[in-house]
There are 2 protein chains.
Amino acid sequence: MRPVDTLISARWVVPVVPRGVVLADHSVVIERGRILAVLATAQAKAQFQPAQHLDLSEHVLAPGLVNAHAHAAMNLLRGAGDDLPLTQWLTERIWPLERALVSERFVYDGTQHAAAEMLRAGITCCNDMYFFPEAAARAFRDVGMRCVVGIIALEFPSAYATDADDYLRKGLDTRDRLREEPLVSFALAPHAPYTVADATLSRIAMLAEELDLPVHIHLHETAAEIVESIKQHGVRPLARLDRLGLVTERLLAVHAVHLHSEEIALLARRGASVAHCPASNLKLASGLAPVAAMLREGVGVALGTDSAASNNRLDLFEEMRLAALLAKGSSLDARAMPAWQALEGATLAAARALGLDERIGSIQAGKEADLIAVDLSDLETQPCFEVVSQLVYCAGREHVAHAWVAGEQVLQSRRLIRDGRAIDTGAIAAAAAPWQAKVQQLLAAS
Amino acid sequence: MRPVDTLISARWVVPVVPRGVVLADHSVVIERGRILAVLATAQAKAQFQPAQHLDLSEHVLAPGLVNAHAHAAMNLLRGAGDDLPLTQWLTERIWPLERALVSERFVYDGTQHAAAEMLRAGITCCNDMYFFPEAAARAFRDVGMRCVVGIIALEFPSAYATDADDYLRKGLDTRDRLREEPLVSFALAPHAPYTVADATLSRIAMLAEELDLPVHIHLHETAAEIVESIKQHGVRPLARLDRLGLVTERLLAVHAVHLHSEEIALLARRGASVAHCPASNLKLASGLAPVAAMLREGVGVALGTDSAASNNRLDLFEEMRLAALLAKGSSLDARAMPAWQALEGATLAAARALGLDERIGSIQAGKEADLIAVDLSDLETQPCFEVVSQLVYCAGREHVAHAWVAGEQVLQSRRLIRDGRAIDTGAIAAAAAPWQAKVQQLLAAS
């Protein structure tokens with residue numbers, strides 16, 4: 001019998017690779033943070049002697065969910081501007097509040113709040129874009145969550161940086177300083193075509209190649225953005241990015257609500273990915289992304305929550321369900337985005353979009369052990385005919401019982417833990433209170 | 001000090017009437033199952049001496065949610081045919097399974113399972129349409145839930161009845177037998193225009209007037225239904241119902257996905273209601289109902305879950321959120337269906353559609369005390385800027401802590417209770433297991 005760190009035996013294992021497979025009564029063997037084997041439980045018990053053995057007889061074990069697009073710190077602005085049109089939401093609520101409040105402390109507190117919410121929802125990795133990315137990275141690290149931190153770039157000054165060069169320099173410095181953090185990786189994050197100039201985008205295209213980083217950018221979110229680009233640059237934003245060398249397999253186009261069929265074909269041909277954020281797109285009335293067509297053409301569709309200011313939940317169970325439902329309803333084809341494909345959007349497709357698919361996104365030997373166990377024994381999740389369907393259409397984030405990041409348990413019976421000790425989620429929630437008071441003061445004064 | 005049965009003091013009370021109002025630190029006084037008063041907690045404590053006093057310092061007290069459309073017994077078929085087009089779903093999965101399985105026992109077990117799921121989700125009243133409505137009524141009653149039971153009518157035989165006359169006779173007999181049940185009321189429930197003949201629909205129009213009952217019917221769910229009606233009857237289904245005298249304030253048109261603007265105007269003029277089931281409409285790829293236009297024209301829009309076979313959750317928190325998001329996304333107006341209107345769709349608008357708005361649907365003196373308390377203290381529901389927004393966009397059914405039906409507590413700290421004693425939800429869930437085995441046998445054999 002071979003000694004190993006951990007053996008997790010589950011009623012079902014959904015490895016995501018191969019597609020659509022559900023393994024009944026299987027186990028995952030973990031050694032030094034990595035998946036050593038996935039095999040029938042009877043066999044696993046005969047072959048391995050684990051230091052720790054979990055028997056999850058009512059649970060499905062799935063890859064940890066990967067949030068392809070967030071602004072985690074904005075948890076502190078959750079619901080501070082609902083039911084408003086995008087322009088009014090941005091110019092009268094979000095931007096003034098951000099100008100008044102954003103600081104390293106704001107980002108740390110907000111990101112920690114978001115990270116705790118995400119871990120409890122089974123999200124073990126988040127692709128984040130915000131100011132003060134180093135504070136965000138520390139917050140993710142402090143709760144044991146994996147993150148991809150955006151090296152954000154804008155032409156406009158903020159409390160964080162003065163101009164595009166300054167943003168990039170600070171972001172790259174952060175990357176240097178956090179080089180040894182095992183759970184932190186980076187993306188270049190030019191905010192959007194309408195906030196970043198050609199020269200900066202070209203430089204980012206070069207940096208992406210040089211440093212082997214994904215490029216995380218809002219793209220074709222609204223019809224107005226496209227009209228404006230044609231007026232200013234003579235072409236639609238995607239064509240402009242293409243001209244600047246950014247439409248490659250490194251591109252993660254966030255939202256991509258308004259796409260012509262030739263644009264979908266271009267994304268597919270280049271191997272680019274889309275971060276589809278269905279709740280945010282609906283809530284801000286951006287429109288319905290052509291997801292069924294993207295999937296048909298072979299574009300990688302990853303799922304993202306966007307921020308709590310426009311969602312208002314950081315909950316990929318919601319997004320999986322909504323993406324699958326919306327793909328069907330808007331294409332008038334009930335077969336569009338079946339459950340397995342929604343789950344892929346929240347796991348492997350997102351990992352691939354972030355350049356992390358060699359490390360996470362599926363339950364396969366050799367990958368890091370980012371896992372979640374979802375309890376399907378509740379009345380609400382019974383009867384259960386198809387496990388993947390049940391995960392996507394029926395279960396909620398509240399059914400996530402346990403989670404692991406790189407083999408470390410971070411959620412145990414719905415409680416966050418770190419190095420085996422409980423994290424005080426009450427204290428994390430309480431840290432939002434002074435910020436709430438400040439926001440309320442600012443809103444009252446405006 | 002006046003002695004009363006119960007005083008519930010809450011951090012916030014959202015009475016639904018008046019619209020958009022949030023009462024901070026208010027209390028609801030309950031006497032003999034009815035709301036006696038809604039007033040500031042300080043005042044309530046000075047005026048009333050309750051036999052029971054609950055202090056819910058982190059909760060919002062709202063009206064119990066009203067599910068405007070369900071087939072509760074179909075909980076036993078939850079997820080038994082996902083990602084299939086409507087026709088294949090019906091003809092290859094649902095109908096064959098129903099033909100093989102439906103019985104009084106099936107309906108009782110399935111409805112009890114659904115009722116338990118709904119109560120735990122804060123749904124205190126359900127408008128149900130299925131075979132063996134008496135078994136359904138008993139199941140709702142046995143868990144203490146209010147229901148509107150459909151006197152179902154079809155031209156086709158089933159295990160329950162042989163022809164339309166037989167369906168109506170049996171349904172009316174059930175109504176007679178359950179006349180004294182305080183929580184059970186009735187609707188006429190002709191299944192759909194394509195399954196019920198003109199003669200039956202005319203008779204139902206007369207019965208509705210005579211017996212003062214709502215008419216609960218699937219209508220304009222799919223484009224195919226409309227094409228078929230024009231072929232067979234020369235007019236669209238709504239025009240046919242109008243010809244037969246059914247388009248009145250008693251009409252509850254379920255789905256209403258495909259409506260011309262003149263049809264929306266007709267529904268508004270007649271004071272008819274729509275039961276909007278956004279998850280089901282998307283999942284079966286029926287299309288996007290023109291909800292923003294309906295609301296603009298003044299049609300009453302109630303929210304329904306439809307059955308667990310096409311949803312797969314009986315969760316009006318999901319439907320509120322989805323309805324609000326979808327109204328915005330499909331109308332490209334972020335102001336469409338604001339949070340208060342989504343909450344109204346799951347409370348007062350549904351009560352009105354069922355002819356119950358004098359009794360339930362808002363927290364007002366004189367109404368029966370159907371209430372829910374939603375805990376907003378979780379990390380996931382913090383910070384909280386707008387209480388109604390938080391309920392609709394952020395909270396989930398798992399945040400419903402307590403619920404009351406006609407002043408009787410039916411949910412206490414997430415556990416179902418009846419006459420003060422815990423209901424064994426494990427036993428209810430377990431009752432689904434033999435049905436699951438039968439369904440699996442049938443699916444394997446097909």
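Computed from a prediction, not measured in an experiment: that's the story for all the values here.

A. Expanded view of the overall build of chain A. Looking only at helices and strands, one finds 17 helices and 17 strands in chain A. In terms of overall size, chain A behaves like a compact globule, its C-alpha atoms giving a radius of gyration of 21 Å where 446 residues would be expected to give roughly 22 Å. Seen through its C-alpha atoms, chain A measures out along the principal axes to roughly 65 × 45 × 45 Å. Burial status across chain A gives 65% buried among its 446 residues. Long-range contacts, defined here as pairs at least 24 residues apart, represent 71% of the contacts in chain A between residues at least 6 apart. For chain A, the exposed surface amounts to about 15000 Å²; the carbon and sulfur share of it is 50%. When the 42 positive and 53 negative side-chain charges of chain A are each reduced to one mean point, those points stand 1 Å apart.

B. A look at the nonpolar core. Residues A:Leu77, A:Phe106, B:Leu77 and B:Phe106 are the most contacted members of the largest nonpolar core, which totals 278 residues. Apart from the residues within four sequence positions on either side, B:Phe106 is in contact with B:Ala73, B:Leu76, B:Leu77, B:Leu101, B:Tyr130 and B:Trp435.

C. Looking closely at helix H6 (residues 198-211) of chain B. All names here are of chain B. Over its 14 residues, H6 runs 20 Å from end to end, which matches the ideal 20 Å to within 8%, given 1.5 Å per residue. When we look at burial in H6, the residues that qualify are Thr200, Leu201, Ile204, Ala205, Leu207 and Ala208. Along the axis of H6, the buried positions cluster into a sector of 170°, meaning they face one direction only. Exposed residues pointing more than 90 degrees away from the buried face of H6 are listed as Ala199, Met206 and Glu210. Tucked inside the fold, the buried residues of H6 contact strand S7 (146-153), helix H5 (164-177), strand S8 (184-190), strand S9 (215-219) and helix H8 (237-243). Immediately beyond the C-terminal end of H6, within one or two residues, lies aspartate 212, with a positive phi of roughly 55°.

D. Seen up close, the environment of B:Met1. Residues and elements named next belong to chain B. Note that methionine 1 resides in the segment before strand S1 (2-13). A sequence separation of 49 residues divides methionine 1 from proline 50, and the C-alpha atoms of the two residues are 9.3 Å apart. Setting aside residues up to four positions removed in sequence, methionine 1 forms contacts with Lys45, Ala46, Gln47, Phe48 and Gln49.

E. Expanded view of the sheet that holds strand S2 (residues 23-31) of chain A. All names here are of chain A. The strand order across the open sheet built from nine strands is S3-S2-S1-S4-S13-S14-S15-S16-S17, with neighbouring strands paired in mixed fashion. A single partner strand is all that each edge strand has here, and the edge strands are strand S3 (34-40) and strand S17 (421-422). In this sheet, strand S16 (residues 415-418) lies alongside strand S15 (residues 408-412) in antiparallel orientation, the contact comprising two bridges. Residue pairing for S16: glutamine 412 is matched across the bridge by arginine 415.

F. The sheet that holds strand S3 (residues 34-40) of chain B, seen in detail. Pairing is mixed across the open sheet formed by nine strands, whose spatial order is S3-S2-S1-S4-S13-S14-S15-S16-S17 (chain B). Because the sheet does not close on itself, it has two edges, and the strands there are S3 and strand S17 (421-422) of chain B.

G. Highlighting helix H4 (residues 133-142) of chain A. Within H4(A) the residues assigned to the buried category are A:Pro133, A:Ala135, A:Ala136, A:Ala137, A:Ala139 and A:Phe140. Of the residues flanking the end of H4(A), it is A:Gly144, one or two places downstream, whose phi is positive at about 80°.

H. Representation of the relation of the copies chain A and chain B within the structure. Of the transformation placing chain A onto chain B, the axial shift is 0.0 Å and the rotation is 180°, giving an RMSD of 0.0 Å. Considering both components of the superposition, the chain copies are consistent with a two-fold axis. The C-alpha atom lying nearest the rotation axis in chain A is that of A:Glu398; the distance is 3.6 Å. When the interface residues of chain A are mapped onto chain B, 100% of them again lie at the interface, so the same face is used by both copies.

I. Spotlight on the interface of chain A and chain B. Residue-level contacts link 63 residues of chain A with 63 residues of chain B. Summing both sides of the interface, chain A and chain B together bury roughly 5200 Å²; the carbon and sulfur share of this comes to 58%. For chain A, the biggest contributors to the area lost against chain B are A:Asp83, A:Leu379 and A:Phe385; these three give 15% of the whole. Counting the contacts that link chain A with chain B gives eight salt bridges. The partner of B:Glu380 in a salt bridge is A:Arg120, and the shortest N-O contact between them spans 2.8 Å.

J. A look at the packing of helix H2 (residues 86-101) of chain A against helix H17 (residues 432-445) of chain A. Residues and elements named next belong to chain A. Across the interface, H2 lies against H17 with an axial gap of 11 Å and an inter-helix angle of 120°. By the angle between their axes, H2 is oblique relative to H17. For H2 against H17, the interelement crossing comes out right-handed. Touching Arg93, Leu97, Ala100 and Leu101 of H2 are Trp435, Lys438, Val439, Leu442 and Leu443, all from H17.

K. Quick look at the pairing of strand S11 (residues 273-276) of chain A. Residues and elements named next belong to chain A. Of the two faces of S11, the one holding Ser273 and Ala275 and the one holding Val274 and His276 are both buried throughout. With three bridges connecting them, strand S10 (residues 251-255) and S11 associate as parallel partners. Paired with leucine 252 across the bridge in S11 is serine 273. This β-α-β element, S10 to helix H9 (residues 261-270) to S11, shows right-handed connectivity. Where S11 and strand S12 (residues 300-303) come together, four bridges link them in parallel fashion. By the bridge assignment for S12, valine 274 is matched with valine 301.

L. Highlighting the side chain of A:His255. Residues and elements named next belong to chain A. Examined against the element boundaries, histidine 255 turns out to sit in strand S10. Engagement of the side chain of histidine 255 in a polar contact is seen with the side chain of asparagine 281, the distance being 3.0 Å. In this structure histidine 255 touches His69, His218, Leu219, Glu221, Val274, Ala275, Cys277, Ser280, Asn281, Ala289 and Asp306, once residues within four positions along its chain are discounted.

M. Quick peek at the pattern of salt bridges. In total, this model carries 65 salt bridges over all chains according to the counting rule given. Ionic contacts of the salt-bridge type, sharing partners, join the residues A:Arg78, A:Glu117, A:Arg313, A:Asp315, A:Glu318, A:Arg397 and B:Arg321 into one network.

N. Looking closely at unusual backbone geometry. The linkage connecting A:Asn311 with the following residue, A:Asn312, adopts the cis geometry, with an omega of 10°. Relative to the elements of secondary structure, A:Asn312 occurs in the loop between S12 and helix H12 (316-331). Despite not being glycine, B:Arg32 shows a phi value in the positive range, around 45°. For B:His255, which is not glycine, the phi dihedral falls at a positive 85°.

O. Expanded view of the pairing of S8(B). Residue and element names in this part refer to chain B. Of all seven residues making up S8, seven are buried, and the element is well covered by its neighbours. Of the pairings in the sheet, the one linking S7 to S8 comprises seven bridges and is parallel in character. Opposite cysteine 147, over in S8, you have valine 184 as the bridge partner. Crossover handedness for the path S7 to H5 to S8: right-handed.

P. Representation of the packing of helix H12 (residues 316-331) of chain B against helix H15 (residues 387-394) of chain B. Residue and element names in this part refer to chain B. It is the contact of H12 with H15, at a shortest axis distance of 7 Å, that shows an interaxial angle of 95°. Relative to H15, the element H12 is oriented roughly perpendicular. Packed against H12, whose contacting residues are Phe317, Met320, Arg321, Ala324, Leu325 and Lys328, the element H15 presents Leu391, Val392 and Tyr393 at the interface. Of the residues in the contact of H12 with H15, the class split is seven nonpolar, no polar and two charged.

Q. Region of the structure containing the packing of aromatic side chains. Following the criterion strictly, the structure yields eight aromatic pairs over all chains and no others. On the basis of an interplanar angle of 70° and a centroid distance of 5.1 Å, the ring pair of B:Tyr130 and B:Phe131 is categorised as edge-to-face. Taken individually, B:Tyr130 and B:Phe131 each receive the classification buried, so the pair is uniform in this respect. Between the aromatic rings of B:Tyr160 and B:Tyr167, the centroid separation amounts to 5.8 Å while the plane-to-plane angle is 65°, which identifies the pairing as edge-to-face. Each of the two residues, B:Tyr160 as well as B:Tyr167, counts as buried. An aromatic cluster is defined as three or more aromatic residues linked by ring pairs; in this entry it consists of A:Phe132, A:Tyr160 and A:Tyr167. Lying over the aromatic face of A:Tyr160, A:Lys170 brings its terminal NZ or CZ to 5.9 Å of the ring centre. The positively charged end of A:Lys438 is found above the aromatic ring belonging to A:Trp435, 4.6 Å away from the centroid.

R. View of the side chain of B:His399. All names here are of chain B. Inspection of the secondary structure puts histidine 399 in the loop between H15 and strand S14 (400-405). Given the relative accessible area of 6%, histidine 399 is considered buried. Ignoring any residue separated from it by four or fewer positions in sequence, one finds histidine 399 in contact with Ala373, Val374, Asp375, Asp378, Glu380 and Thr381.

Conventions we followed
- Residues numbered from 1 in each chain as written.
- Chains lettered and ligands numbered in written order.
- Predicted model: local features only at pLDDT ≥ 70, side-chain atom pairs only at ≥ 80, totals over all residues.
- Heavy atoms only, no water.
- Helix = DSSP H or I, 4+ residues; strand = E, 2+ residues; numbered from the N terminus.
- Rg over C-alpha atoms; globule rule 2.2 N^0.38 Å.
- Buried < 20%, exposed > 50% of the residue type's maximum accessible area, 1.4 Å probe, protein only.
- Contact = heavy atoms within 4.5 Å.
- Areas by Shrake-Rupley, 256 points an atom, 1.4 Å probe, with all protein chains shown as cover.
- Lys, Arg positive; Asp, Glu negative; His and termini not counted.
- Charge placed at Lys NZ, Arg CZ, Asp CG, Glu CD.
- Core = buried A, V, L, I, M, F, W, Y, C linked by side-chain atoms within 4.5 Å.
- Expected span 1.5 Å × (residues − 1).
- Arc of directions from axis to C-beta.
- Pairing = 2+ DSSP bridges.
- Least-squares fit on C-alpha atoms with pLDDT ≥ 70 in both.
- Buried area = accessible area lost by both parts, 1.4 Å probe.
- Salt bridge = Lys/Arg side-chain N within 4 Å of Asp/Glu carboxyl O.
- Axes fitted to C-alpha atoms, helices over the stretch in contact; angles between N-to-C directions.
- Parallel < 35°, antiparallel > 145°, perpendicular 65-115°, else oblique.
- Left-handed = near helix turned anticlockwise from the far one by under 90°.
- Right-handed = clockwise from strand over helix to strand, strands pointing away.
- Polar contact = N/O pair within 3.5 Å; in protein donor to acceptor, adjacent residues only side chain to side chain.
- Nonpolar A, V, L, I, M, F, W, Y, C, P; charged D, E, K, R; others polar.
- Phe/Tyr/Trp six-rings, centres within 6.5 Å; stacked < 30°, edge-to-face > 60°.
- Lys NZ or Arg CZ within 6 Å of the ring centre and 35° of its normal.

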